[in-house]
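Report on the structure
Listed here are the chains, written in short residue letters.
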Amino acid sequence: MKIITNSVEGIKEAAEILAGDGVVAFPTETVYGLGANAFSKEAVTKIYKIKGRPSFNPLIIHVDSYEMARQYGVFNKSANILAQKYWPGPLTIIVKKRESDVVVSATAKLETIALRCPSNIIARKLITELDKPIAAPSANKSGKLTCTSPRDVFAKLKNSIDAILDGGDAELGLESTVIDCSLERPSILRLGNITSEEINSCLDYSIAPSIKTEKQIKSPGQLLKHYSPEADLILNANRPRQGDIFLSFGPHPKEIDGLTLTESKNLVEAAKNLFTFLHKLDRLSKAKGGIPIKVAPIPTNGVGAAINDRLIRAAER
Ligand code: AMP
Ligand code: MG
């Protein structure tokens with residue numbers, strides 16, 4: 001396992017590893033991705049194995065431009081509007097798949113394909129250097145806490161991947177918003193920094209996020225238990241006691257162990273800190289014999305909806 005610094009040579013080296021069917025964790029503005037050449041069956045198989053990801057859960061195919069995306073998917077009107085407005089950026093768009101060299105296992109043999117053009121410049125340069133799309137789920141074990149820093153990726157995956165391309169902490173900290181545009185009426189399959197209100201403001205019809213129960217899931221990633229820390233999470237905890245581990249929202253109470261997601265109650269800052277802080281508090285919990293992590297109530301407006309979505313799944317046992 002190698003940590004590659006972010007430079008012209010570093011990006012070249014990471015692209016060479018990908019071209020040789022290796023697996024590289026790389027930065028995006030949302031979270032760290034675990035990248036494979038999307039044309040390589042061998043590399044894509046490695047991704048599923050490393051993550052312990054069920055083969056029915058498709059990967060997001062990362063592209064460096066809208067033009068590249070159009071080679072792999074059919075963009076209808078709503079997909080075009082959204083790509084124009086939010087790409088490059090934290091929005092994954094599911095469209096009908098075109099016949100291409102993207103290996104079928106990467107899209108779990110579906111008729112659709114999930115495409116994203118990240119705004120992180122390192123990610124885009126890596127794709128351009130490889131000159132092929134990169135299939136990348138989040139760089140973590142399936143169902144476990146997402147990694148938003150090279151340190152957390154290293155701690156969780158160092159024994160199973162070829163390299164980490166170091167791009168510092170992820171700017172946003174939550175996975176992309178996923179919108180399914182493959183049907184006439186689009187639906188939101190996962191919440192992220194781009195809110196359902198923002199999406200609705202640029203489409204002809206109003207769509208509510210279809211955050212479904214286990215039995216109704218459309219996207220395999222909608223499983224109720226997801227993003228799990230080792231420690232139990234207790235949500236909407238208002239009054240932490242001495243000895244507790246507390247993840248707060250707003251000023252952190254005196255003499256209580258833990259961290260605040262945001263001193264100033266800024267939801268975007270809270271989103272950015274969510275997963276790194278859960279990793280930190282998970283380590284603290286382990287050191288304290290595995291006690292639960294209490295989490296303060298988080299407002300549900302704006303990106304708060306996505307934060308609450310992650311927390312509810314992370315607390316599920
Ligand atoms: P991650 O594994 O964190 O990168 O998340 C990718 C998400 O996109 C998961 O929830 C996948 O199930 C979902 N996804 C990818 N491709 C498709 C697709 N063609 N149809 C529905 N959901 C998809
Ligand atoms: Mg994930």
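This text gives an overview of the structure that appears in the document. (Residues numbered from 1 in each chain as written. Chains lettered and ligands numbered in written order. Predicted model: local features only at pLDDT ≥ 70, side-chain atom pairs only at ≥ 80, totals over all residues. Heavy atoms only, no water.)

**Focus: the overall build of the chain**
Here is the rule: Secondary structure elements follow DSSP: runs of H or I no shorter than four residues count as helices, runs of E no shorter than two count as strands, and numbering proceeds from the N terminus. Note on exposure labels: buried denotes an accessible area under 20% of the residue type's maximum, exposed denotes more than 50%, and partly exposed covers the range between, all computed with a 1.4 Å probe on protein chains only. Pairs of residues are marked as contacts when any of their non-hydrogen atoms sit within 4.5 Å.
When you go through the chain residue by residue, the secondary structure sums to nine helices and 15 strands. For the C-alpha atoms alone, the extent of the chain along its principal axes is close to 60 × 45 × 35 Å. For the chain, the residues scored as buried account for 55% of the 317 residues in total. Taking all contacts inside the chain whose residues are at least 6 apart in sequence as the whole, residues at least 24 apart take part in 66%.

**Remarks on the pattern of salt bridges**
For the record, the criterion: Salt bridges are defined as contacts in which a side-chain nitrogen from Lys or Arg sits within 4 Å of a carboxyl oxygen from Asp or Glu.
For the structure on display, the rule yields 10 salt bridges. A salt bridge links Arg116 to Glu29; its shortest N-O distance comes to 2.7 Å. Of this pair, Arg116 sits in strand E7 (residues 112-116) while Glu29 is found in the loop between strand E2 (24-26) and strand E3 (33-37), placing the two residues 87 residues apart along the sequence. Ionic contacts of the salt-bridge type, sharing partners, join the residues Glu175, Asp309, Arg310 and Arg313 into one network.

**Overview of the packing of aromatic side chains**
As a reminder of what qualifies: Centre distance within 6.5 Å is the pairing criterion for rings of Phe, Tyr and Trp, where only the six-membered ring of Trp is used; planes under 30 degrees apart are then read as stacked, over 60 as edge-to-face, and the remainder as tilted.
Counting across every chain of the model gives four aromatic pairs. On the basis of an interplanar angle of 40 degrees and a centroid distance of 5.7 Å, the ring pair of Tyr227 and Phe275 is categorised as tilted. Of this pair, Tyr227 sits in the loop between helix H7 (196-200) and strand E12 (233-234) while Phe275 is found in helix H8 (residues 267-287), placing the two residues 48 residues apart along the sequence. Across the pair, Phe275 and Tyr227 agree in class, each one buried.

So, to be careful, I would describe these as geometric facts and stop short of saying anything about function.
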